[in-house]
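# Per-entry structural report
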Amino acid sequence: MSKLKLATVWLDGCSGCHMSFLDMDERLLELAEIVDVVYSPLVDTKKFPDEVDITLVEGAVASVDDEKKIRKIRDHSKTLVAMGDCAITGNVPSMRNPIGPEAILDRAYIQNASAQAQIPCVVVPKLLRVVRPIHEFVKVDVFLPGCPPSADTFHTALTALINGGPLDIPALTRFGA
Amino acid sequence: MSQTITIDPVTRLEGHGKITIQLSAQGEVEAAHFHVTQVRGFERFSEGRPFYEMPSLMARICGICPVSHLIASAKACEAIMSVRIPHTAAQLRRMLNLAQMVQSHALSFFYLASPDLLLGMEADPNVRNILGVAAAKPELGRAGVGLRRFGQTIIELLGDKRVHPGWVVPGGVTEPLSPAKRDKILAMIPEAYANVALALGAYKQIAGAFKEEIEVFASFPTNYLSLINEDESIEFTDGTLRLVDSTGSIIEDGITAARFSEAMGEAVEPYSYTKFAYYKPLGYPAGSYRVGPLARLNIVKAMGTPRAEAELAEFKQLAPGLVESSFHYHHARLVEMLYGIEKIEEILADPRILGKHVRATAGVNRLEGAGQAEAPRGTLHHHYKVDDNGKITWANLVIATGQNNNAMNLGVLQAARHYVKNGKFTEGILNRVEAVVRTFDPCLSCSSHAAGQMPLEISLVSADGEVVDRVVRD
Ligand code: SF4
């Protein structure tokens with residue numbers, strides 16, 4: 001039997017959810033015996049594969065690129081997991097919503113700059129007006145709350161998803177955990 | 001007609017970035033840029049929030065070095081409160097910061113960079129990752145996992161959580177250290193020494209195979225900045241900043257957090273959401289400088305712990321003057337990991353570490369405060385203003401990656417010029433250009449972040465529209 005394909009994706013988050021995923025430590029090496037990590041910031045694949053069994057997504061949707069990406073990921077993933085509070089609620093990145101991108105950019109690149117003040121616009125993607133959680137764009141199959149969810153949570157949830165066993169999320173984790 | 005090579009996303013990096021390389025009609029590299037594509041707005045949306053919330057909010061800038069943000073932020077708050085924190089709290093935080101340095105360096109060296117170093121720049125991209133390393137060199141793979149676990153477990157023991165512990169607060173920490181937890185940390189130290197020794201030995205054996213990379217991976221003179229103690233030994237948590245020039249002569253010494261914004265400015269380039277820090281008296285870009293492990297080891301005269309001291313002496317032999325190639329960041333990281341383990345052991349040997357006074361309290365006694373610390377990847381600066389009620393009215397952060405931004409961009413250009421000839425390049429060459437950025441261990445969620453990751457498909461089109469070369473990485 002060929003190995004299950006696992007992907008991890010990082011949208012607008014702090015990478016803390018990915019760090020907690022890595023906190024499985026040696027258990028991650030064991031996991032690698034039964035799944036292939038086919039796409040992730042940790043591996044060198046540049047293109048999202050056509051068919052992925054389980055995709056974990058960290059972070060909210062904040063830029064036009066994030067939006068394009070989450071749609072593409074949904075199309076090519078059997079099970080999509082919103083990992084962490086930013087992906088599920090918008091959490092920290094959405095704190096900019098009442099302020100709007102113009103004021104955010106103005107503060108960082110005009111007011112708090114001492115030379116060549118300007119708003120970057122070359123190659124860098126445009127920000128969305130409002131940062132939103134991923135289920136507002138695509139269907140999410142599993143919500144794994146926590147800021148971040150613990151390594152134990154990842155291990156238990158992934159084991160259940162891989163083996164098709166029952167998964168009692170409220171018993172594992174909560175928002176802000 | 002000119003052409004552009006785009007590497008998107010740059011992988012095995014802490015965050016989202018792209019690299020573009022512009023070629024002339026003759027296929028020679030004319031320019032190259034490293035783009036950071038996320039912006040988050042912490043400086044603005046923290047306004048109106050109570051200052052004592054800042055450490056735990058600002059830690060959410062980055063899940064890799066949240067501890068550095070916790071500490072720099074808490075120190076800025078303590079400047080506003082005008083308090084000095086208890087000795088035990090200062091030592092506990094120092095230990096927390098060192099634990100984070102060890103785990104973050106382990107991430108950078110083993111999880112992100114070692115696939116290039118141990119499997120080769122040209123290795124199959126499908127296995128060129130930490131799992132590939134663990135399969136090919138199980139001992140080293142496990143050493144890397146072990147060193148990261150060492151740092152993260154100390155953070156968890158001290159702060160109850162591996163990522164985003166709530167333990168560091170303005171005034172100190174919330175809980176003292178128990179003897180049981182101290183003993184648990186001490187019990188992990190022998191394994192950590194063995195793992196770092198294994199890594200140092202393996203690195204020194206292979207480094208010789210990277211002569212060409214050493215010459216062109218951001219190998220040029222720059223200024224350097226880092227914290228340093230009065231006795232000129234390495235410092236991550238207290239001390240003051242020293243800026244030296246490319247020969248090691250001091251440009252300015254004793255830069256306190258309060259003086260930082262007078263000395264350092266930030267410029268904006270249109271192609272990156274990360275700003276470019278520089279020393280104001282020299283202007284931009286002449287006043288650019290490097291920070292992080294390479295800068296620290298170039299600046300300090302001593303480590304202050306015996307094993308790391310011997311390694312520092314060896315490190316300083318790598319070049320006649322200062323060690324200029326960013327490739328040597330990898331080596332510097334290993335030396336600092338060893339230092340971190342030794343220093344943690346030393347801190348725990350002092351019985352005062354179990355002291356019960358770990359938090360000072362005060363209200364708003366000043367309307368402005370700044371704090372600084374060494375993050376694993378370099379100097380971090382937080383600066384806040386508050387109103388009489390302690391509500392934040394303004395905030396500015398200068399992070400490590402912004403201070404390395406100019407050198408990273410010049411380094412990408414240097415490597416691209418060296419490897420891309422007549423418009424020809426291979427996957428392995430593009431990986432080398434990415435590997436230049438990896439040496440700096442930039443943290444892009446710290447410096448801003450969030451781009452779409454598109455397939456990498458590079459087409460070189462000649463002036464008459466004919467595709468002359470094409471590489472697809474997937
Ligand atoms: S949920 Fe928390 S840990 Fe995860 S990306 Fe968001 S802020 Fe970071």
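Residues numbered from 1 in each chain as written. Chains lettered and ligands numbered in written order. Predicted model: local features only at pLDDT ≥ 70, side-chain atom pairs only at ≥ 80, totals over all residues. Heavy atoms only, no water.

## Some details on the packing of aromatic side chains
The full count for this structure, using the stated rule, is 14 aromatic pairs over all chains. Measuring from centroid to centroid gives 5.1 Å for Y39 of chain A and F48 of chain A, while their planes differ by 65°, and the two rings are edge-to-face. Each member of the pair Y39 of chain A and F48 of chain A is classed as buried. Every member of this aromatic cluster is reached through a ring pair, and the members are Y271, F276, Y278 and Y284 of chain B. Here the basic side chain of R307 of chain B rests over the ring of Y193 of chain B, its NZ or CZ set 3.7 Å away from the ring centre. (Phe/Tyr/Trp six-rings, centres within 6.5 Å; stacked < 30°, edge-to-face > 60°. Buried < 20%, exposed > 50% of the residue type's maximum accessible area, 1.4 Å probe, protein only. Lys NZ or Arg CZ within 6 Å of the ring centre and 35° of its normal.)

## A short note on the domain arrangement of chain B
Residues and elements named next belong to chain B. According to the domain assignment, chain B consists of domain 1 (1-38 + 405-474) and domain 2 (41-404). Just the C-alpha atoms count here: the centres of domain 1 and domain 2 sit 27 Å apart. Opposite the 39 residues of domain 1 that make contact, domain 2 presents 47 residues. In total, domain 1 and domain 2 occlude about 3,500 Å² of area from one another, counting both sides; carbon and sulfur atoms represent 53% of this. It is R12, N405 and T439 in domain 1 that bury the most area against domain 2; as a group they hold 20% of the surface buried on that side. The partner of E14 in a salt bridge is R377, and the shortest N-O contact between them spans 3.1 Å. Across the contact surface, domain 1 and domain 2 share 27 residue pairs in polar contact (both at pLDDT 80 or more). Those elements that provide at least two residues to the side of domain 1 that touches domain 2 are strand 3 (29-36), helix 13 (400-419), helix 14 (427-440) and helix 15 (444-447). A breakdown of the residues in the side of domain 1 that touches domain 2 according to their chemical character gives 15 nonpolar, 16 polar and eight charged. (Domains from an automatic or database assignment. Contact = heavy atoms within 4.5 Å. Buried area = accessible area lost by both parts, 1.4 Å probe. Salt bridge = Lys/Arg side-chain N within 4 Å of Asp/Glu carboxyl O. Polar contact = N/O pair within 3.5 Å; in protein donor to acceptor, adjacent residues only side chain to side chain. Helix = DSSP H or I, 4+ residues; strand = E, 2+ residues; numbered from the N terminus. Nonpolar A, V, L, I, M, F, W, Y, C, P; charged D, E, K, R; others polar.)

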